[in-house]
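Descriptive structure summary
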Amino acid sequence: MSGEMELLPMKSAMSSRRPRSPSTYVPDVDDTGSFPPPSGKRRMSRDVTPRRKQISFMDERRGKTPPKRSSRGRRSVSQSSTDSYSSASYSGSSSDEDDVSPREKHQDATSAQVHTNGASANKGRAKTQTNSKGFSDFCVKNIRQAAFGRREIEIAEQEMPGLMALRKRASGDTPLKGAKIAGCTHLTAQAAVLIETLVACGASVRWCACNIYSTQNEVAAALAEAGYPIFAWRGETEDDFWWCIEKSISSEGWQPNMILDDGGDLTHVMYKKHPHMFGMIKGIVEESVTGVHRLYQLSKSGTLTVPAMNVNDSVTKQKFDNLYSCRESVLDALKRTTDIMFGGKHVVVCGYGEVGKGCCSALRGLGAIVCVTEIDPICALQASMEGFKVVTLNEVIRQVDVVITASGNKNVVTRDHLDRMKTGCVVCNMGHSNTEIDVDSLRTPELTWEKVRSQVDHVLWPDGKRIILLAEGRLVNLSCSSVPSFVVSITAATQALALIELFNAPAGRYKQDVYLLPKKMDEYVASLHLPAFDAHLTELSDEQARYLGIGKAGPFKPNYYRY
């Protein structure tokens, strides 16, 4: 297989499209705006020159563009190989078969098994993907990329010392023996290390992606080759997204008893569509602001029937993943997608939580002029004390060069704001949910969308003004770049410990509510990573421990302590 990308003739790029089957499941959106479904991805033609195209009209019923329709028989490179902003960029496709949606190949093969005497015209399409051992309970882009994915996982393992140490310590005891975990996270090399750690601890898993753009195709292939039921590929449509979640929940002879979620979508599907199954869950572990907010809503209304662990607000997640990871990855994403120089640029960051703090610190370090919007007076005061001007978005929207949302809220950047931005303004989101920027308001007849790079769209106004929208308003660092494996190791170790704690907790320890990770576990996660820096902790004497009123082994801070 050649490592060079093959340019395609115009004839194949303009081949006819065949309609996809109708949606299998679309969840309802409640009045609070919770559980917004992800928007489908539109793929540009393979013409080497970017072509201007008019966006389609919104579907009046749901306010969304119609889902992407797949094409059959069109020869092209795989989606991952056309994306220079993902590490999933190794292999091109020289096969007509590889351009068919993974879901279509999976469904065609299933149909062929049922209708063995089907028409000969479908014979070539009925071949399902299997790994080297004949396992086929998965749906990935291309199982042949597994070798590349395994190398990615091995590289990530070297930068994830804490999670690897946890795997070594816990695998002998198999604390998750009997756990059946349904997982919905970003499907990256770092997530693969977590998945294999959970399996080493005795769990069985089924997994899907929480974001339609962040999956590394070759990593998904490597996990499928190892025998794990994985349902994810980069560039899923909205329809595909919900189908993959259903596949990770439902399997003959397998019923989940634990959930590991990032964003709350899998939890929502099970809660709404499979209430009997949801009632048998022993615990939920959630790591995002959006997902935690949804769990607290269920708890407040008295409809949460299982205990849940809020990993997002653990110290190790807030201070390391949200702050230090975003401090590095926001620059990586913006540089890869726009080639922008930050010195002297005016940037507004909407939200000064841990993610916003990381973004502001990194941007100022490169000479950008940064201002902040905030609703919380404490966060606003923190920003002011750090030297950032606190403004409203309306005050600066006409002058700024870059707008970054990091609030976890909805409609932070509205169509009115977008209309008043100057031409060339870059707009992106660092929050988990794609609701912060009102992207749907841009899908109107008078505006033209121009695809210029993978995950980079120019939106043109009738007067010639254009803004640069990254990842269609989705999480820009995981959609357009990567995150440091070391920081992910900290969060992943926290998730693994939370699963172990909930699964093994005696009856009555956790009620049907949302809990924070115990302080002792936070400290243990941190201690797993200290050897990587050759760091040596000072030990308290008995007298010092008595003076402070704490144990020599911790926990060293009360739960109300703010690091």
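Residues numbered from 1 in each chain as written. Predicted model: local features only at pLDDT ≥ 70, side-chain atom pairs only at ≥ 80, totals over all residues. Heavy atoms only, no water.

Rules: UniProt positions are given in the numbering used here, feature names are shortened, and annotations may be inferred rather than shown by experiment.
In the nomenclature of an unreviewed UniProt entry, the protein is known as Adenosylhomocysteinase of Branchiostoma floridae. Of the comments in the UniProt record for the protein, the one headed Catalytic activity (unreviewed entry) reads "S-adenosyl-L-homocysteine + H2O = L-homocysteine + adenosine". The Sequence similarities (unreviewed entry) comment attached to the protein in UniProt states, word for word, "Belongs to the adenosylhomocysteinase family."

**A short note on the pairing of strand 5 (residues 258-261)**
For clarity, the threshold we go by: Exposure classes here rest on a 1.4 Å probe applied to the protein chains alone. A residue is buried below 20% of its type maximum, exposed above 50%, and partly exposed in between. Helix numbers and strand numbers start at the N terminus; a helix is a DSSP run of H or I with at least 4 residues, a strand a run of E with at least 2. A pair of strands counts as paired when DSSP detects no fewer than two bridges linking them.
Across the two faces of strand 5 the burial is the same, with M258 and L260 and I259 and D261 all buried. Note that strand 2 (residues 180-185) and strand 5 share 4 bridges and pair parallel. Residue pairing in the sheet places C184 in a bridge with D261 of strand 5. Note that strand 5 and strand 6 (residues 283-286) share 4 bridges and pair parallel. Looking at strand 6, one finds that I259 is bridged to I284.

**Overview of the pairing of strand 11 (residues 402-405)**
Operational definition: By convention, a crossover is right-handed whenever its connection, traced from the first strand over the helix to the second and viewed with the strands pointing away, goes clockwise.
With burial as the criterion, each face of strand 11 is covered, one bearing V402 and I404 and the other bearing V403 and T405. With 4 bridges connecting them, strand 11 and strand 12 (residues 426-429) associate as parallel partners. Bridge pairing in strand 12 links T405 to N429. A crossover connection joins strand 11 to the parallel strand 12 through helix 15 (residues 415-420); in handedness this β-α-β unit is right-handed.

**Quick word on helix 7 (residues 238-249)**
Quick reminder of the rule: Helices are assigned an expected span. That span is 1.5 Å times one less than the residue count.
Taking 1.5 Å of rise per residue, 12 residues should cover 16 Å, and helix 7 covers 17 Å from first to last C-alpha, within 8% of that figure. Where helix 7 is concerned, the buried positions are E238, D239, D240, F241, W242, W243, C244, I245, E246, S248 and I249.

**Examining the packing of helix 11 (residues 315-338) against helix 12 (residues 354-365)**
The test is simple: Between the N-to-C directions of two axes lies an angle of 0 to 180 degrees, each axis being a line fitted to C-alpha atoms and, for a helix, fitted only over the stretch in contact. Angle categories: roughly parallel below 35 degrees, roughly antiparallel above 145, roughly perpendicular from 65 to 115, and oblique for all the rest. Definitions for this section: a left-handed crossing has its near helix turned counterclockwise from the far helix by less than a right angle. A right-handed crossing has that turn clockwise. Contacts are residue-level and defined by heavy atoms, with any inter-residue pair within 4.5 Å sufficient. For this classification, the nonpolar set comprises Ala, Val, Leu, Ile, Met, Phe, Trp, Tyr, Cys and Pro, the charged set comprises Asp, Glu, Lys and Arg, and every other residue, Gly included, is treated as polar.
The N-to-C vectors of helix 11 and helix 12 enclose an angle of 45°; their axes lie 7 Å apart at closest approach. By the angle between their directions, the pair helix 11 and helix 12 is classed as oblique. Our pair here, helix 11 against helix 12, has a crossing hand that is right-handed. On helix 12, the residues that touch Q318, K319, N322, L323, C326, R327, V330, L331 and L334 of helix 11 are E354, V355, K357, G358, C359, S361, A362 and L363. Here the residues of the contact of helix 11 with helix 12 sort into 9 nonpolar, 4 polar and 4 charged.

**Observations regarding unusual backbone geometry**
The linkage connecting G554 with the following residue, P555, adopts the cis geometry, with an omega of 0°. Mapping P555 onto the fold places it in the segment after helix 19 (542-548). One non-glycine residue, A471, lies in the positive phi region at around 55°. By the secondary structure assignment, A471 is in the loop between strand 15 (466-470) and helix 16 (476-480).

**Notes on the pattern of salt bridges**
Our working definition: Salt bridges are identified by distance alone: a Lys or Arg side-chain nitrogen within 4 Å of an Asp or Glu carboxyl oxygen.
Under the counting rule described, the total for this entry stands at 22 salt bridges. One salt bridge in this structure joins R294 and D265, with 3.5 Å as the shortest N-O distance. In this pair, R294 is assigned in helix 10 (residues 289-301) and D265 in helix 8 (residues 265-273), connecting sequence segments 29 residues apart. By relative accessible area, R294 is classed as buried at 4%. Note that K451 and D457 form a salt bridge whose closest N and O atoms lie 3.5 Å from each other. Judged by its relative accessible area of 8%, K451 is buried. Using a relative accessible area of 3% as the deciding quantity, one classes D457 as buried. Counted as one network, the salt bridges with shared partners bring together R103, D239 and D240.

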